[in-house]
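Geometric and topological summary
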Amino acid sequence: MNTAARSNGGPAPAVPAGSVEIRPGPFVKWAGGKSRLLSAFDRLLPPGFDPSRGRYFEPFVGGGALFFHLAPARAVLSDSNPELVNCYQVVRDRVEELIALLREHKNDRQHFYKVRSLSPAGLSAAERAARLIFLNKTCFNGLYRVNSRGEFNVPFGRYDNPRICDGENLRAVSARLRDVEILCLPFEQTVRRAKAGDFVYLDPPYQPVSATANFTGYTATAFGDKDQERLAAVFSQLSKRGCLVMLSNSDSPVIRELYKDFRIAEVKASRAINCKAERRGRVSELVIMNYKI
Ligand SMILES: C[S@@+](CC[C@H](N)C(=O)[O-])C[C@H]1O[C@@H](n2cnc3c(N)ncnc32)[C@H](O)[C@@H]1O
């Protein structure tokens, strides 16, 4: 297991000269990122899954904290956010071009708004990836959020010295992604190919625990009650097929009811991304499993 994986977008650890290669970690900070829950997850992972041999599916990949932590030999990653998926593909396939483009960006308010106003449709794949990483590192709170038209709408963050280009981590991520399938698909299409023994980790946008509490800006379309129900049905199908399935969601009566036939554990999460400072703190989240731990 990748015990040295880094938290989302954080600074690189000091690597002494002549030391072993660096462990790749998330290269974007993502709302709902799981970096702070990894130690709690360690005791909830399926005992029968060996990351050095088994196949791992993460169809709501976001920043991919658990993927980097587990470092599975075989993996299928996907998300329905096309900008994010393009970014993973460019990191995997064209990392040096990406690094060169990132080095041209600067932490400057005027430059930020100019880049934010660009339409991804008019850019090359590598330019789009550099745009996403640049905006993620320099925007307010360091997250990715779009409006109903799919346009990035987070303001400039005014950080003193954000690390726009972490070439060392990007190269390590690129190597880690070399044999990974990366797809832009709705979750149910990705998991159609999962077979008995595969480990599927599902981390959807959470069921809101109140009318205002939850982050909903991952993609132009929201993830609603009907999506949560479809996901619960997919969870059951995967379970019947013999997959090892683990799912994260908020601790709400609706989620407890949807998964009442499975094992449910509570974990305490400290959530950093909430626009209301007083609501940042430790909240209970659920981890649902179809296997014994
Ligand atoms: C909670 S985040 C995942 C966080 C991630 N596990 C991490 O550690 O950063 C949820 C992700 O689901 C994606 N998403 C939303 N609706 C989706 C859908 N219908 N199918 C696939 N992905 C979807 C969003 O774009 C977002 O990246």
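Predicted model only: the values in this text are computed from it and were never measured.

Regarding the overall build of the protein
Tallying secondary structure elements over the protein gives ten helices and seven strands in all. Of all 293 residues assigned to the protein, the portion counted as buried reaches 40%.

Digging into unusual backbone geometry
Backbone geometry at Asn141 places phi at a positive 70°, although glycine is not the residue there. Looking at the secondary structure, you find Asn141 in the loop between α6 (125-138) and α7 (167-176). Taking the C-beta count within 10 Å as the criterion, Asn141 has 14 such neighbours and is therefore assigned partly exposed. For Arg158, which is not a glycine, the phi torsion comes out positive at approximately 55°. As for its placement among the helices and strands, Arg158 is situated in the loop between α6 and α7.

Things to note about the environment of Glu58
In this structure, Glu58 sits in strand β1 (residues 55-58). Through-space distance from the C-alpha of Glu58 to that of Val191 is 8.7 Å; in sequence the pair is 133 residues apart.

Structural notes on the packing of helix α4 (residues 95-104) against α7
Viewed as axis vectors pointing N to C, α4 and α7 meet at an angle of 160°, and their least axial separation amounts to 10 Å. One element, α4, and the other, α7, form an angle in the roughly antiparallel class. Of the two elements, α4 crosses α7, and the hand of that crossing is right-handed. Packed against α4, whose contacting residues are Val95, Leu98 and Ile99, the element α7 presents Gly167, Leu170, Arg171 and Ser174 at the interface. Across the contact of α4 with α7, the residue classes break down as four nonpolar, two polar and one charged.

Quick word on the packing of α4 against α6
Contact geometry for α4 and α6: axes closest at 9 Å, N-to-C directions at 50°. Judged on the interaxial angle alone, α6 and α4 are oblique. The crossing of α4 and α6 is right-handed. Here Glu97, Leu98, Leu101 and Leu102 of α4 lie close against α6, whose contacting residues are Ala126, Glu127, Ala129, Ala130, Ile133 and Phe134.

Focus: the nonpolar core
Of all hydrophobic cores here, the largest spans 66 residues; its most connected members are Val91, Leu98, Ala129, Ile133, Val200 and Val245. The element that contributes the greatest number of residues to this core is α6, accounting for seven residues. When we break this core down by domain, the ones giving at least three residues each are domain 1 (1-6 + 25-80 + 185-209 + 220-293) and domain 2 (83-177).

Re the pairing of strand β7 (residues 282-289)
Where strand β5 (residues 244-250) and β7 come together, five bridges link them in antiparallel fashion. If you follow Ser248 over to β7, its bridge partner there is Val287. The sheet contact formed by strand β6 (residues 263-270) and β7 spans eight bridges and is antiparallel. Looking at β7, one finds that Glu266 is bridged to Leu286.

So, the confidence of the model for the protein
Of all residues in the protein, 86% attain a pLDDT of 70 or more, and the chain-wide mean is 89. Ignoring residues within four places in sequence, the model shows residues 3-15, a span with pLDDT below 50, making 26 contacts including any to other chains.

Things to note about α6
For α6, spanning 14 residues, the distance from its first C-alpha to its last is 20 Å, which sits close to the expected 20 Å at 1.5 Å a residue. The element α6 is extensively covered by neighbouring structure, given that twelve of its 14 residues are classed as buried. Inspection of α6 places Ala126, Arg128, Ala129, Ala130, Arg131, Leu132, Ile133, Phe134, Leu135, Asn136, Lys137 and Thr138 among the buried residues, and these make up the whole buried set. Elements that come into contact with the buried residues of α6 comprise α3 (82-93), α4 and α5 (109-117).

Regarding the sheet that holds β6
Overall, mixed pairing links the seven strands, which are arranged β3-β2-β1-β4-β5-β7-β6 in an open sheet. Each edge of the open sheet carries a strand with a single partner, namely β3 (181-184) and β6. For this sheet, the mean angle separating the axes of adjacent strands, direction not counted, is 20°. Pairing of β1 with strand β2 (residues 74-79), which is carried by four bridges, proceeds in the parallel orientation. The partner of Glu58 across the bridge, within β2, is Leu77. In this fold α3 packs onto β2 and β3, with an angle of close to 155° to the strand it touches most, β3.

Things to note about α4
Of all the residues in α4, the buried ones are Val95, Leu98, Leu101 and Leu102. Projected onto a plane normal to the axis of α4, the buried residues spread over an arc of 125° and lie on a single side. Seen from the open side of α4, the exposed residues pointing more than 90 degrees away from its buried face are Glu96, Arg103 and Glu104.

Rules behind the numbers
Counting starts from 1 at the beginning of each chain's written sequence and moves along it residue by residue. Residue-level local features of this predicted model are given only where pLDDT is at least 70; pairs of side-chain atoms are given and counted only at 80 or more, and the full residue set underlies all totals for whole chains, interfaces and linings. Segments assigned H or I by DSSP are reported as helices when at least four residues long, segments assigned E as strands when at least two residues long, and all are numbered from the N terminus. Put simply, a residue is buried when 20 or more other C-beta atoms lie within 10 Å of its own C-beta and exposed when 12 or fewer do; between those, it is partly exposed, and each C-beta is set from the backbone. Interaxial angles span 0 to 180 degrees and are taken between N-to-C directions of axes, which are lines fitted to C-alpha atoms, for helices over the stretch in contact. Roughly parallel refers to an angle under 35 degrees, roughly antiparallel to one over 145, roughly perpendicular to one between 65 and 115, and oblique to any angle outside these ranges. Helix crossings are classified by the rotation of the near helix relative to the far one: an anticlockwise turn of less than a right angle makes the crossing left-handed, while a clockwise turn makes it right-handed. Contacts are defined on C-beta atoms placed from the backbone: any two residues whose C-beta positions lie within 7 Å are in contact. Each residue receives one of three labels: charged for Asp, Glu, Lys and Arg, nonpolar for Ala, Val, Leu, Ile, Met, Phe, Trp, Tyr, Cys and Pro, and polar for the others, Gly being one of them. In this description, a nonpolar core means buried residues of the types Ala, Val, Leu, Ile, Met, Phe, Trp, Tyr and Cys, linked to one another by C-beta atoms lying within 7 Å. Start and end positions for the domains come from either an automated domain assignment or a database one. Strands qualify as paired when DSSP identifies two bridges or more between them. Looking at any residue, its pLDDT shows the predictor's confidence there, from 0 to 100. Multiply 1.5 Å by the residue count of a helix minus one, and that product is the helix's expected span. Here the arc refers to the directions that run from the helix axis out to each C-beta atom.

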